[in-house]
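Listed below are the residues making up each chain.
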Amino acid sequence: MKNPFGSLSREQLSNIIYDDSGNYTINERRAAYYESDDREQAWRVKVAAQAMDEYNRTGKMTNFFSSVLDHFKELPTIEQAQYPKDYASDLE
């Protein structure tokens, strides 16, 4: 079944997921969460494969850490806030 929130941006999904105002039902918030989580899992599978390829070719994972940092910076602020305080600087 296609997720009704499949066309929304990550920011829009987060706005629904974390909206406690009552504007969205629990099922709408759950659907937004599932869509966001599906995208996150797809990104993780992709970046893990790229990391393994990079490591097998070079013995390093420089691009992996850069990709993770770029991804973190693109997350909505409310999602960034869930990571440890020094997460971005540790990746650098």
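Structure: see above.
Because the structure is a prediction, the values reported are computed rather than measured.

Calculation criteria
Here the residue index of a chain counts from 1 through its sequence in written order. For this predicted model, a pLDDT threshold of at least 70 governs which residues receive local features, and a threshold of 80 or more governs which side-chain atom pairs are given and counted, while totals over whole chains, interfaces and linings are taken from all residues. As a rule here, side-chain values cover all heavy atoms of the structure and leave hydrogens and water aside. For this document, the term salt bridge refers to a Lys or Arg side-chain nitrogen within 4 Å of an Asp or Glu carboxyl oxygen. Numbered from the N terminus, helices here are DSSP runs of H or I no shorter than four residues, and strands are runs of E no shorter than two. The buried label goes to any residue with under 20% of its type's maximum accessible area, the exposed label to any with over 50%, and the partly exposed label to all in between, with areas taken from a 1.4 Å probe on protein chains only. Residues are said to line a cavity or pocket when one of their atoms sits within 4 Å of a point; the points come from a 1 Å grid over protein atoms alone, cavities being sets where a 1.4 Å probe fits but cannot get out and pockets being open sets with protein on both sides within 12 Å along at least five of seven lines. Grid points are joined across faces, edges and corners, and a volume is the space filled by probe spheres set on the points. Each residue receives one of three labels: charged for Asp, Glu, Lys and Arg, nonpolar for Ala, Val, Leu, Ile, Met, Phe, Trp, Tyr, Cys and Pro, and polar for the others, Gly being one of them. Given the number of residues in a helix, its expected span is that number minus one, multiplied by 1.5 Å. Contacts are residue-level and defined by heavy atoms, with any inter-residue pair within 4.5 Å sufficient. Note on charges: Lys and Arg go in the positive column, Asp and Glu in the negative column, and His and the chain ends are not counted at all. Under the rule applied, a polar contact is a pair of N or O atoms within 3.5 Å (in protein, one hydrogen donor and one hydrogen acceptor; residues adjacent in sequence only if both atoms are side-chain atoms).

Enquirer: Account for the pattern of salt bridges, naming residues and giving values.
Expert: Close approach of charged atoms allows side chains with opposite charge to pair. Applying the stated criterion across every chain, the model contains six salt bridges. For Glu-40, the salt bridge goes to Arg-10, with nearest N and O atoms at 3.1 Å. Of this pair, Glu-40 sits in helix α2 (residues 26-58) while Arg-10 sits in helix α1 (residues 10-17), and the two are 30 residues apart along the sequence. For the pair shown, Glu-40 and Arg-10 are each scored as buried. Here Arg-39 makes a salt bridge to Glu-35, at a shortest N to O gap of 2.9 Å. A residue pair is termed a helical-turn pair when its members lie 3 or 4 positions apart in one helix, as Arg-39 and Glu-35 do in helix α2 at four residues.

Enquirer: Any details on the layout of surface pockets? Residues and values, ideally.
Expert: Rolled over the atoms, a probe sized like a water molecule indicates the empty space that remains. In this structure, the largest pocket spans a volume of roughly 250 Å³. Lining the largest pocket are 13 residues; nearest its centre among them are Arg-10, Tyr-18, Tyr-33, Ser-36 and Glu-79. Those elements that place two or more of their residues in the lining of the largest pocket are α1 and α2. Ranked by residue count, the leading element in the lining of the largest pocket is α2, at six residues. Its residues assigned to classes, the lining of the largest pocket comprises five nonpolar, three polar and five charged.

Enquirer: Describe in detail helix α3 (residues 62-74), supporting the description with residues and values.
Expert: With 13 residues, α3 extends 19 Å between its outermost C-alpha atoms, agreeing within 8% with the 18 Å of an ideal straight helix rising 1.5 Å per residue. The inward-facing, buried residues of α3 abut α1, α2, α4 (77-80) and α5 (87-91).

Enquirer: Account for the side chain of Asp-19, with residues named and values stated.
Expert: For Asp-19, the position within the fold is in the loop between α1 and α2. It turns out Asp-19 is buried and unbridged, and the closest side chain with the opposite charge, Arg-29, is 6.2 Å from it. A polar contact of 2.4 Å, which involves the side chain of Asp-19, links it to the side chain of Ser-21. Leaving out residues up to four positions away in the same chain, Asp-19 has contacts with Tyr-24 and Arg-29.

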